[in-house]
Number of protein chains: 2
Amino acid sequence: MSRSKLFKNILQKNSFLCVGLDTDKTKIPAFLLEYEDPIFEFNKRIIDATKDLCVAYKPNIAFYEAEGLEGYKSLQKTIDYIPDDILVIADAKRGDIGNTSERYAKAFFEKLNCGAITVAPYMGVDSVTPFYNYPNKWIILLGLTSNVGSSDFQMIQDKNNQELYKTVLQKASLWGTPDDTMFVVGATHPEKFREIREMLPKHFFLVPGVGAQGGSLAEISKYGMNEEIGLLVNVSRAILYAGTDEEFDIEARVKAMSIQKEMEDLLYASMMGSMDDLGDFNMEELDLDGDVNFDIELD
Amino acid sequence: MSRSKLFKNILQKNSFLCVGLDTDKTKIPAFLLEYEDPIFEFNKRIIDATKDLCVAYKPNIAFYEAEGLEGYKSLQKTIDYIPDDILVIADAKRGDIGNTSERYAKAFFEKLNCGAITVAPYMGVDSVTPFYNYPNKWIILLGLTSNVGSSDFQMIQDKNNQELYKTVLQKASLWGTPDDTMFVVGATHPEKFREIREMLPKHFFLVPGVGAQGGSLAEISKYGMNEEIGLLVNVSRAILYAGTDEEFDIEARVKAMSIQKEMEDLLYASMMGSMDDLGDFNMEELDLDGDVNFDIELD
């Protein structure tokens, strides 16, 4: 999916929500366990309930691998079920020497037909570049993660007092372009968003950590949005497990809708320039090479 | 597998060889493509040809994922086929927030019954600790990798002039013990082995980069061996693709045997204390809590 198409989708749906499909057999409503493929059955209903409210789905690959062969089948069916105009992000955090990263790229871009994959960049340039051999796909590199352990190494300062994650962002941003590369930036570090956005004015950020992990949507929007919004905010557990019975999909929809409504307000505020740090936002500048003109073309 | 059992296996087989199963459908002999599961057929013959010469097999998970569902089946059959007394290392380089790493641990330790997994530690402590919930399994953390890109981030010096990979080794070595934790140290950095061994005198190192990537077995043995040998040296392509026709397994065996012979000489030299840096090696010290007494008990 192109960057302009993604931006167009955001404007159409008034949403920059990514729904994380961290589907856990021990947490889904019990009645689904009677189906042949409970994980797919759960995902199918979540997708049906949320597909007009989000612009991306992010299956967390670990949850499918944990179910072995059956999990792989559930994953494949889930990806096939997601509508073509919604970005599918394989949250896989792969990364290895070149000849191995090539195979991971094949696994996720060819075999599973995902539109994007999360990649761990710490093994360096040759561990990442093989993912760029697939046109029209997104590589989403770990920048600053949302977990407690992110301070163990990502925050280490070098001789110039620069934290490791900034060096990673700077260097890795040269391996691709804002048209094929995003960065993971955890919502649990809102104070870092302003500087990171200054370093990378054009890139989309995939933002985990809102919801169960405690990040604030308003804060990361205030500091992280750019002229093309530039944010995909992921919510997994808070939506998936909003309900526990036969109406879990309705409860998931209610939760997703409340997030989408908040996003709609934030999008409106950013377009109106009423966010403190988005004062220079200008609707005229939104016409991306003629691909998008949200005054007229949105259907 | 316990550390003492692994050490015993090394002494019995006079080998610290790990055979990497980076099985690539486009590189295996053409006659195998007529079998129902060419990848498993290839691996089966490689295992039959090398199982008396190595102490570990290391399936590189990317190569199986690249084949989709069929690849998963080949991987499962391959792992099941490996004799119980040989360590199976899933080369997966996983690592994510805690609740996700838990699922990766389940995938590799429960579903696939591997004895070890390679883990990327850069997301910090909570991304690694879930792997320690499985007794008698090995967590193999990326320390200093063998690829060109290892210099991009792993070599960055902090304010105290310490390279990142050393900080990773120091910190991560406290998350487990030498009985459940190994580190990946690439053979392409022989000059670093001495210092790394000084920092971590007890840990096993999994050493990629000998063979196709150009590392020297003699050099890494000289600087990397400890009293329990402490090295598993991985060779993949040089063994797997030694031959290209129906006798590929014999050629693989010849190659593996030549490596094992070199290892035998290096083991002998280390035991005799004739390596420059292993002068304090003492056979009496090898009786590990009574588990191993290689003068009498080896069968």
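Conventions adopted
Residues numbered from 1 in each chain as written. Chains lettered and ligands numbered in written order. Predicted model: local features only at pLDDT ≥ 70, side-chain atom pairs only at ≥ 80, totals over all residues. Heavy atoms only, no water. Axes fitted to C-alpha atoms, helices over the stretch in contact; angles between N-to-C directions. Helix = DSSP H or I, 4+ residues; strand = E, 2+ residues; numbered from the N terminus. Parallel < 35°, antiparallel > 145°, perpendicular 65-115°, else oblique. Left-handed = near helix turned anticlockwise from the far one by under 90°. Contact = heavy atoms within 4.5 Å. Disulfide = S-S within 2.5 Å. Phe/Tyr/Trp six-rings, centres within 6.5 Å; stacked < 30°, edge-to-face > 60°. Buried < 20%, exposed > 50% of the residue type's maximum accessible area, 1.4 Å probe, protein only. Lys NZ or Arg CZ within 6 Å of the ring centre and 35° of its normal. Salt bridge = Lys/Arg side-chain N within 4 Å of Asp/Glu carboxyl O. Pairing = 2+ DSSP bridges. Right-handed = clockwise from strand over helix to strand, strands pointing away. Buried area = accessible area lost by both parts, 1.4 Å probe. Polar contact = N/O pair within 3.5 Å; in protein donor to acceptor, adjacent residues only side chain to side chain. Nonpolar A, V, L, I, M, F, W, Y, C, P; charged D, E, K, R; others polar. Arc of directions from axis to C-beta. Patch = residues over 30% accessible without salt bridge, like charges linked within 9 Å, V, L, I, M, F, W, Y side chains within 5 Å. Areas by Shrake-Rupley, 256 points an atom, 1.4 Å probe, with all protein chains shown as cover. Lys, Arg positive; Asp, Glu negative; His and termini not counted. Charge placed at Lys NZ, Arg CZ, Asp CG, Glu CD. Core = buried A, V, L, I, M, F, W, Y, C linked by side-chain atoms within 4.5 Å. Least-squares fit on C-alpha atoms with pLDDT ≥ 70 in both.

(A) Inspection of the packing of helix α8 (residues 164-172) of chain B against helix α9 (residues 190-199) of chain B at higher detail. Residue and element names in this part refer to chain B. Running from N to C, α8 and α9 cross one another at 25°; their axes reach a closest spacing of 11 Å. Relative to α9, the element α8 is oriented roughly parallel. For the pair α8 and α9, the crossing hand works out as right-handed. Along the contact surface, α8 presents Y165, K166, L169 and Q170, while α9 presents K192, E195, I196 and M199.

(B) The arrangement of the state of the cysteines in detail. What the rule picks out here adds up to zero disulfides over all chains. Here C114 of chain B stays unpaired: no disulfide links it, and the sulfur of C18 of chain B, its closest cysteine neighbor, is 12 Å away.

(C) Looking closely at the packing of aromatic side chains. Under the criterion given, the structure shown has 19 aromatic pairs over all chains. With centroids separated by 6.5 Å and ring planes inclined at 70°, the aromatic side chains of W138 of chain B and F204 of chain B adopt a geometry described as edge-to-face. Taken together, the residues W138 of chain B in strand β5 (residues 138-144) and F204 of chain B in strand β7 (residues 204-207) connect sequence positions 66 residues apart. Note on accessibility: W138 of chain B and F204 of chain B belong to one class, buried. Judged by centre distance (6.3 Å) and plane angle (65°), the rings of F193 of chain B and F205 of chain B are edge-to-face. Note that F193 of chain B is positioned in helix α9 and F205 of chain B in strand β7, a separation of twelve residues in sequence. Across the pair, exposure class does not vary: F193 of chain B and F205 of chain B are buried alike. Each member of the aromatic cluster is reached from another via a ring pair, and the members are Y122, F153 and W175 of chain A together with Y122, F153 and W175 of chain B. It is R197 of chain B that lies over the ring of F205 of chain B; its NZ or CZ is 4.0 Å from the centre.

(D) Quick look at the pattern of salt bridges. This structure, assessed with the given rule, holds 42 salt bridges over all chains. The salt bridge involving K106 of chain A is made with E67 of chain B; its shortest N-O contact spans 3.5 Å. Highlighted residues: K106 of chain A in helix α5 (residues 98-111) and E67 of chain B in the loop between α3 (61-65) and α4 (68-81), drawn from two different chains. You can call K106 of chain A partly exposed: its relative accessible area is 23%. In this structure, K171 of chain A and D152 of chain B form a salt bridge, with 3.5 Å as the shortest nitrogen-oxygen distance. Within this pair, whereas K171 of chain A is found in helix α8 (residues 164-172), its partner D152 of chain B is found in helix α7 (residues 150-153), the two belonging to separate chains.

(E) Structural detail: the pairing of strand β6 (residues 181-185) of chain A. Residues and elements named next belong to chain A. Among the five residues of β6, five are classified as buried, and the element is accordingly described as predominantly covered. Of the two faces of β6, the one lined by T181, F183 and V185 and the one lined by M182 and V184 are each fully buried. In this sheet, β6 lies alongside strand β5 (residues 138-144) in parallel orientation, the contact comprising five bridges. The residue bridging L144 from the neighbouring strand is V185, located in β6. Bridge count between β6 and strand β7 (residues 204-207): three bridges; the pairing is parallel. Counterpart to F183 in the pairing with β7 is F205. Between β6 and its parallel partner β7, the chain crosses via helix α9 (residues 190-199), and the hand of that crossover is right-handed.

(F) View of the sheet that holds β7 of chain B. Residue and element names in this part refer to chain B. The strand order around the closed barrel formed by eight strands is β1-β2-β3-β4-β5-β6-β7-β8, and the pairing between neighbours is parallel. Going across the sheet, the axis of each strand differs from the next one's by a mean of 30°, ignoring polarity. Summarising the sheet, strand β3 (residues 87-94) and strand β4 (residues 116-119) pair through three bridges and their orientation is parallel. From the neighbouring strand, A90 faces β4, where its bridge partner is I117.

(G) The arrangement of the interface of chain A and chain B in detail. Each partner contributes residues to the interface: chain A has 55 residues there, and chain B has 55 residues. Roughly 4800 Å² of surface becomes buried between chain A and chain B when both sides are summed, with 58% attributable to carbon and sulfur atoms. Ranking the residues of chain A by area buried against chain B places R103, Y122 and F153 of chain A at the top, with a combined share of 14%. Joining chain A to chain B, the criterion identifies ten salt bridges. Along the contact surface separating chain A from chain B lie 27 residue pairs in polar contact (both at pLDDT 80 or more). Top contributing element to the side of chain A that touches chain B by residue count: α5 of chain A, with eight residues. Looking at the side of chain A that touches chain B residue by residue, the classes come out as 22 nonpolar, 16 polar and 17 charged.

(H) Structural view of α9 of chain A. All names here are of chain A. Of the residues making up α9, those classed as buried are P190, K192, F193, I196 and R197. Taken around the axis of α9, the buried residues stretch over an arc of 135°, which confines them to a single face. Along α9, exposed side chains directed more than 90 degrees from the buried face belong to E191 and E198. Packing partners of the buried residues in α9 comprise β5, α8, β6, β7, α10 (217-224) and β8 (231-235).

(I) Region of interest: a negative patch on the surface. A contiguous patch of negative charge, built from D245, E246, E247 and E251 of chain A, is present on the exposed surface. Looking at the secondary structure, you find E251 of chain A in helix α12 (residues 248-271).

(J) Region of the structure containing the nonpolar core. Judged by nonpolar contacts, the single largest core of 203 residues is most densely connected at F16, F108 and L232 of chain A together with F16, F108 and L232 of chain B. In this view, F16 of chain A contacts I10, V55, L217, S221, M225, I229, L231, L232, V233, M263 and L267 of chain A; residues no more than four positions away in its chain are not counted.

(K) Spatial organisation of the relation of the copies chain A and chain B. Expressed as a screw transformation, the operator carrying chain A onto chain B has a rotation angle of 180° and an axial translation of 0.0 Å, and the superposed copies differ by an RMSD of 0.0 Å. A rotation of that kind, with that shift, is consistent with a two-fold axis. A high fraction, 100%, of the interface residues of chain A reappear at the interface in chain B, so the copies pair face to face through one surface.

(L) Layout of the packing of helix α2 (residues 38-50) of chain B against α4 of chain B. Residue and element names in this part refer to chain B. Contact pair α2 / α4: the axes reach a minimum separation of 9 Å and the direction vectors enclose 20°. Judged on the interaxial angle alone, α4 and α2 are roughly parallel. Crossing of α2 over α4 shows right-handed handedness. Facing I39, F40, N43, K44, I47 and D48 of α2, the residues of α4 in contact are S74, K77, T78 and Y81. Residue composition of the contact of α2 with α4, grouped by class: four nonpolar, three polar and three charged.

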